[in-house]
Amino acid sequence: RKPNMKHAIKLMAAVAVFALSGAWLSAYGANFPNAGSWTDSDGVTWSFQYNSLTAQITGASGYGNVFIIPGKVKVETTEYEVIQIADDAFNVQKDSKASAIAWVGIPGCVQVVGARAFKGCESIASLIIASGVQYIKSDAFNGCAFFYVGIPSSMRYIGDGAFANCPSLRCVGF
């Protein structure tokens, strides 16, 4: 039996598109390609990639109880789209100030919420995840206090323990 060349070409094209999109890197925990880093006037730290004009939030030192992640960040004259929240960005074990966060808004341009990104943030009572977010890595919200979480239809992957140890969580909407 001869292999179906049309099928093989379509399969190779699909794999190439998936690989080039970077989705496979984000889903399985590869590091963000850091070309530079920067701390803004609010104390939020970023790493960014010059050629793709993308950024990830890596942490913050001066935030209050409401934390809305912006869709874009401007460094000097260049604007970068925020596509990722780094692993451990607000992990209470690494940043005790993160325990004050009570409300988190994640815009749709953010494709990946990193592993343990908000782990142990027991004060987070409200979490808004916009449509467009595709990956929530392991333990991302482990130990948070929200009552409800809405999972957007854009979601492709939720890691092990992403919402573990959330004693107030009563409802998950899809």
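Scoring rules and cut-offs
Residues numbered from 1 in each chain as written. Predicted model: local features only at pLDDT ≥ 70, side-chain atom pairs only at ≥ 80, totals over all residues. Heavy atoms only, no water. Helix = DSSP H or I, 4+ residues; strand = E, 2+ residues; numbered from the N terminus. Polar contact = N/O pair within 3.5 Å; in protein donor to acceptor, adjacent residues only side chain to side chain. Pairing = 2+ DSSP bridges. Axes fitted to C-alpha atoms, helices over the stretch in contact; angles between N-to-C directions. Salt bridge = Lys/Arg side-chain N within 4 Å of Asp/Glu carboxyl O. Buried < 20%, exposed > 50% of the residue type's maximum accessible area, 1.4 Å probe, protein only.

Trainee: Would you mind going over the side chain of Q56 with me for this structure?
Mentor: Along the chain, the position of Q56 falls in strand β3 (residues 54-60). Reaching out from Q56, the side chain makes a polar contact with the side chain of Q84 at a distance of 3.2 Å.

Trainee: Please clarify how the sheet that holds strand β9 (residues 126-129) should be interpreted in this entry.
Mentor: Adjacent strands of a sheet pair through backbone hydrogen bonds, lying either parallel or antiparallel. Spatially, the three strands line up as an open sheet ordered β4-β7-β9, and their pairing is parallel. Edge positions in the sheet fall to β4 (66-68) and β9, since each of these pairs with one other strand and no more. Averaged over neighbouring strand pairs, the angle between their axes works out to 5 degrees when direction is ignored.

Trainee: Looking at this structure, I do not really get unusual backbone geometry. What am I missing?
Mentor: Note: most residues except glycine have negative phi, and most peptide bonds are trans. The phi torsion at L53 lies on the positive side, around 55 degrees, for a residue other than glycine. Following the sequence through the fold, L53 ends up in the loop between β2 (44-49) and β3. Residues other than glycine seldom take positive phi values, yet D139 does so here, at roughly 60 degrees. Along the chain, the position of D139 falls in the loop between β10 (135-136) and β11 (148-150).

Trainee: It is not clear to me how the pattern of salt bridges should be interpreted in this structure. Could you clarify?
Mentor: Side chains that differ in sign of charge can pair as their charged atoms come close. If you walk through the whole model with that rule in mind, you get two salt bridges. For K137, the salt bridge is made with D87, and the minimal N-O distance between the two is 3.5 Å. Taken as a pair, K137 in the loop between β10 and β11 and D87 in the loop between β6 (78-85) and β7 (103-106) lie far apart in primary sequence, 50 residues in all. You can call K137 buried: its relative accessible area is 6%. D87 gets classed as partly exposed once you look at its relative accessible area, which sits at 31%. The partner of R116 in a salt bridge is D88, and the shortest N-O contact between them spans 2.8 Å. Taken together, the residues span a long stretch of sequence, with R116 in the loop between β8 (112-113) and β9 and D88 in the loop between β6 and β7 at a distance of 28 residues.

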